[in-house]
Amino acid sequence: MHTYRGKSAACLICVFALAVTGCSAGSGGTADAAAPTPSRAGASPSGSAASGTSYAPYVSATDASANDSAGSPATYNLAFVIADGSDCTPKWNGTTALSDAAVKSRVSKLTQGGASVRVSFGGASGKELAASCDSASELARAYGKALDAAGSAQADFDVEGEQLTDSDSVDLRSEAIALLQKERADLEVSFTLPVMPSGLDDDSVALLESANEHDVQVSTVNIMTMNYGESYDGDMGDYALVSAKATHSQLKKIFGTSDATAWKAMALTSMLGTNDVDNETFTLDDAAQVREFADEKRIGWVSMWATFRDQQCADGSSSDDALTNCSGVDQEEGAFAEAFSG
């Protein structure tokens, strides 16, 4: 997914929190067979929680949107923490200091109703920390600083593009996350990865295998059901479901676990409205279809990119961009959030 621009064969993986408990670092990749229903610390009760699937949209960490609270999110994914230039200094969008008072105030307002925040590292743009830090310990400290700044025990790693094919940074990231989890036993980790209707590609599978080799405990694999390519010009809701089903089969093998646990260890993130690829438009009907499917399968959470786009573009406005700050489809403000939240 984009960095926010403002208006302008398989191994077993330790799965915890949203899927399986009882698997810890040094376990050799084995998981306890029990899969209790998890609780979401810090999240307020809602229809999403009751159904088993929570709503957790991506939001700008620096700029508030009038639609942030639409759908009463259980968790907000704060986008994005990346490196400051070429060194290992973590900043919001690579430009704003972690200690920025305005960001701290924003996080406070997002969480005042009981929602939690998840810090998302990476994204499609900018310099990713795993490609900038020299050692796993240095990278772990950078991640920890961002989590502390947001007061969060949830880390999302959005890995795509060149970073997904860079095996050195993939392994360094895995090592750093494992170090961080040894220090923070309650740290929940999700990986956000690109997907096709055929499922995860080889690079994404390799990333999950790297996580396993380093004893990273993974709570969720969040698939980006968007931007499939020019060869896909059908219904985006159908593609999301086909992609989820294909990924589910992969996760059962990768996690070595049951149908139900593999679904619970999955999240679905759609790019609302106009996508980056021509002929791809994700509609409100598609959002309702994805939500119904997620409830049926008891998927961990659903998300969207992003709250600041959850509004109709103004006719003739030179400041509105359907890929930046509006959806490009006819809608009421916050309508996608309401559809995704059920």
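For the structure, check the block above.
Conventions used here
- Within each chain, residues carry numbers counting from 1 in the order of the written sequence.
- The predicted nature of this model means local features are confined to residues of pLDDT at least 70 and side-chain atom pairs, given and counted, to a pLDDT of 80 or more, with totals for whole chains, interfaces and linings taken over all residues.
- The basis for every side-chain value is the complete set of heavy atoms in the structure, and neither hydrogens nor water enter the calculation.
- Note on ring pairs: Phe, Tyr and Trp rings are taken, using the six-membered ring of Trp, and paired if centres are within 6.5 Å. Classes follow the plane angle, with under 30 degrees stacked, over 60 edge-to-face and the rest tilted.
- Secondary structure elements are taken from DSSP: a helix is a run of H or I of four residues or more, a strand is a run of E of two residues or more, and numbering for both begins at the N terminus.
- Working definition: with a 1.4 Å probe on protein chains only, accessible area under 20% of the residue-type maximum means buried, over 50% means exposed, and in between means partly exposed.
- A fitted line through C-alpha atoms represents every axis, and for helices the fit uses only the stretch in contact; the resulting angles, taken between N-to-C directions, go from 0 to 180 degrees.
- Angle categories are assigned with fixed cut-offs, so that under 35 degrees is roughly parallel, over 145 is roughly antiparallel, 65 to 115 is roughly perpendicular, and the rest are oblique.
- Less than a right angle of anticlockwise turn of the near helix away from the far helix marks a crossing as left-handed, whereas a clockwise turn marks it as right-handed.
- Any two residues whose heavy atoms approach within 4.5 Å at even a single point are treated as in contact.
- We call Asp, Glu, Lys and Arg charged. Ala, Val, Leu, Ile, Met, Phe, Trp, Tyr, Cys and Pro are nonpolar, and the rest, Gly among them, are polar.
- Multiplying 1.5 Å by the residue count of a helix minus one yields the expected span of that helix.
- The criterion is simple. A nonpolar core is a set of buried Ala, Val, Leu, Ile, Met, Phe, Trp, Tyr and Cys residues joined through side-chain atoms within 4.5 Å.

Break down the packing of aromatic side chains for me, citing the residues and quoting the values.
The relation between two aromatic rings is expressed through the spacing of the ring centres and the mutual angle of the planes. Per the counting criterion, the structure on display carries 13 aromatic pairs. Summarising the aromatic geometry, the rings of Y228 and Y239 are spaced 5.5 Å apart at their centres and angled 65° between planes, so their arrangement reads as edge-to-face. Highlighted residues: Y228 in the loop between β11 (220-225) and α7 (236-255) and Y239 in helix α7, separated in sequence by eleven residues. Both residues of the pair, Y228 and Y239, count as buried. Under the relative-accessibility criterion, Y239 is labelled buried at 16%.

Got a sec to walk through the packing of helix α3 (residues 136-150) against helix α5 (residues 167-183)? Specific residues and values, please.
Here α3 crosses α5 at 60°, and the two axes come no closer than 8 Å. One finds that α3 runs oblique with respect to α5. Between α3 and α5 lies a crossing whose hand is right-handed. In this structure, α3 uses A136, S137, L139, A140, Y143, G144 and L147 to contact α5, whose residues at the interface are L172, R173, E175, A176, I177, L179 and L180. Classifying every residue of the contact of α3 with α5 by side-chain character gives ten nonpolar, two polar and two charged.

I'd like a rundown of α3, residues and numbers included.
Here α3 spans 21 Å end to end across 15 residues, near enough to the 21 Å set by a 1.5 Å rise per residue. Of all the residues in α3, the buried ones are A136, L139, A140, A142, Y143, G144, A146, L147, A149 and A150. Residues of α3 that are buried sit in contact with β4 (75-83), β5 (90-92), α2 (101-111), β7 (116-122), β8 (154-158) and α5. Just past α3, the residue G151 takes up positive phi, approximately 65°.

Break down the nonpolar core for me, with residues and values.
Counting 82 residues, the largest nonpolar core has F121, Y143 and F191 as the members making the most contacts within it. It is α3 that contributes the most residues to this core, nine residues altogether. One finds A79, W305, A306 and F308 within the second-largest nonpolar core, a separate group that totals ten residues.

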